[in-house]
Amino acid sequence: MKTTTTYILLIIALSVLASCKSDDDIQYVRQDKLEIKTIPITAQVEPYLLPDGSIITIVADNATSSKTQGGGKTQNHEQPNSEANASEGEHTTTPDQPQAESSYHIVKISTDGTVTKSPKLTYYLGSELNSELKFDDDDYVSTIDYTDNGEIFFKYRTHSGGLGVSKFESGVYIDGHTDILFDDRFIDGVPLNDGRFAIIHNDNPVMSIYDSQFNLTEEVEFPYLHMSVSDDFIAYNICGNIMLLNTDAAESTHEFYVYSTSGEMLNYGSTPILFDKIINIKDAATNTYTHAYAITGNIEIANDSTSVTASIITKLDSKGSVIYHYPSYEQNEVYNLTEYDGKLIISGFTTPSYSDYFSLNDVMSSLTSTTGKIVVIDAETKKELTTYTISLEGGVMPFAVVPDHNGKFYVYMARIFSTNVGQMGSRNQFGEAIYIYHIDDLNKLNIE
């Protein structure tokens, strides 16, 4: 749900630096004959780990689009869903002049290095106009979500206060939007396990369910919950149920409610921390979801009478009750985790204290010295088993560790080199490539 705010601000400060980077600068010389694949993409958001072991992110490419300078209509040159867009009518207003903008795509990267790219993402300006997606405007809040069968959902706020949803699966791409929320209170939208999409809205929450083609099929009321003007909730899919969590930062605890997709209240309570994301775990033997893990990164927590920046992993049952909290003092941020063979493998990184920076050289040094950390704990008892430090040339951010079930692991990671730090900005803080290491011993990722 977020990246480290201070980290992004520091990267933005470096964008003023000149860079002499060539395309070859990001190539990594293999050490110890490690098996490495280099995927030359620039991730715009932190990669999410899919249940099949692949990862997804958003990438940008430069495209020229026609857009008016004075708030007129936008003329489209690429339409991923021609039937849907044709039904809205053709928009042929001549623009004042073409402008170079960025278009965005969902990208899926498999463990073997295969890259699958969606058509261009769009967002809707109301119920009639269509324009390109923008990440640099706080009015447009976008997130990725997914289901266990590989369906990827990119959800975003529209200009008129509604919700747009792009769905991408096995080459099938659907870009839909709803105007039901324009005069209503929008809460959140989440995919359901069967491929449908749910939008939660209204002060007395109602869940509008859309089918795989984004047609409204059902509306379900959530009883026993009324939201006041000051309430700010977010929704999660937790083991096929819906969790509504109050995110009011002024509160010391955050109330939550868990409902079934039929509207039955299953649980309610409170948590002292907010969640960045929730990862559901399915039992392979029964093919059912049994529990989940919530990730909270970059949080100040006590450690031996001092306060440190760390991460917290919260294990939850299928109805949202806390099984345990595990504070990971080794990691400022956690991206993804994998449960395998009774162990929980947590992928993240640590950085030096930001209070120690006095110059741009200090900032640059910190980015290139970001240390990858892979923490392994017992999934049942949260007993700490092993911590692997990833120390390679430049800064390292491991996104995910995926067992190959033959005694080896795939490790997705970003690497930040001094030759490309000066060209980094708020939307490419993950370097110029994603690396996939296939390795039998995670200790080999530490060359110090």
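Anything mentioned here points back to the structure above.
Residue positions are given per chain, counting from 1 as you read along its sequence in written order. Since the coordinates come from a predicted model, pLDDT governs what is reported: local features require at least 70, and pairs of side-chain atoms require 80 or more to be given and counted, while whole-chain, interface and lining totals use all residues. The side-chain quantities take in all heavy atoms of the structure and omit both hydrogens and water.

Draft legend 1. Just the overall build of the protein, in detail. Going along the chain from the N terminus, every DSSP run of H or I of four or more residues is numbered as a helix, and every run of E of two or more is numbered as a strand. From N to C terminus, the protein includes four helices and 31 strands. The long-range fraction of contacts in the protein, counting pairs at least 24 apart against all pairs at least 6 apart in sequence, stands at 53%. With an accessible surface of roughly 19,600 Å², the protein has 46% of that area assigned to carbon and sulfur atoms. Whether two residues are in contact is decided by their heavy atoms, any of which lying within 4.5 Å being enough. Calculation of accessible area relied on Shrake-Rupley with a 1.4 Å probe; when residues are assessed, cover is drawn exclusively from the protein chains displayed.

Draft legend 2. A look at the nonpolar core. By convention a nonpolar core is built from buried Ala, Val, Leu, Ile, Met, Phe, Trp, Tyr and Cys residues, the set being connected through side-chain atoms within 4.5 Å. With a 1.4 Å probe rolled over the protein chains alone, any residue whose accessible area is under 20% of its type maximum counts as buried; one over 50% counts as exposed, and the rest are partly exposed. In this structure, I58, I144, Y293, I313, L337, L344 and I346 are the most contacted members of the largest nonpolar core, which totals 28 residues. Per-element accounting of this core gives the leading share, three residues, to strand β10 (residues 152–157). Non-local contacts of I144, meaning those with residues more than four positions away in its chain, are made with V45, Y48, I56, T57, I58, I152, F153 and F154. Residues I39, L49, I55 and I416 belong to the second largest nonpolar core, which totals 22 residues.

Draft legend 3. Region of interest: the pattern of salt bridges. By definition, a salt bridge exists where a carboxyl oxygen of Asp or Glu is found within 4 Å of a side-chain nitrogen of Lys or Arg. One pass over the full model with this rule turns up 10 salt bridges. We note a salt bridge from K315 to E380, for which the minimum N-O separation is 3.6 Å. Pair noted here: K315 is in strand β23 (residues 306–317) and E380 is in the loop between β27 (371–378) and β28 (384–390), with a separation of 65 residues, a long-range link. Since its relative accessible area comes to 4%, K315 is described here as buried.

Draft legend 4. Here's a closer look at the pairing of β27. Within β27, six of the eight residues are buried, leaving the element largely enclosed by the surrounding structure. Bridge analysis of strand β26 (residues 343–350) against β27 gives eight bridges, and the strand direction is antiparallel. Directly across from L344, in β27, lies its bridge partner I377. Where β27 and β28 come together, six bridges link them in antiparallel fashion. Bridged to K373 within β28 is T389. For two strands to pair, DSSP has to find at least two bridges joining them. Where β27 folds back onto β28 in an antiparallel hairpin, the turn is made up of five residues, including K382, whose phi is positive at roughly 60°.

Scope: geometric values only; no functional claims are made or implied.
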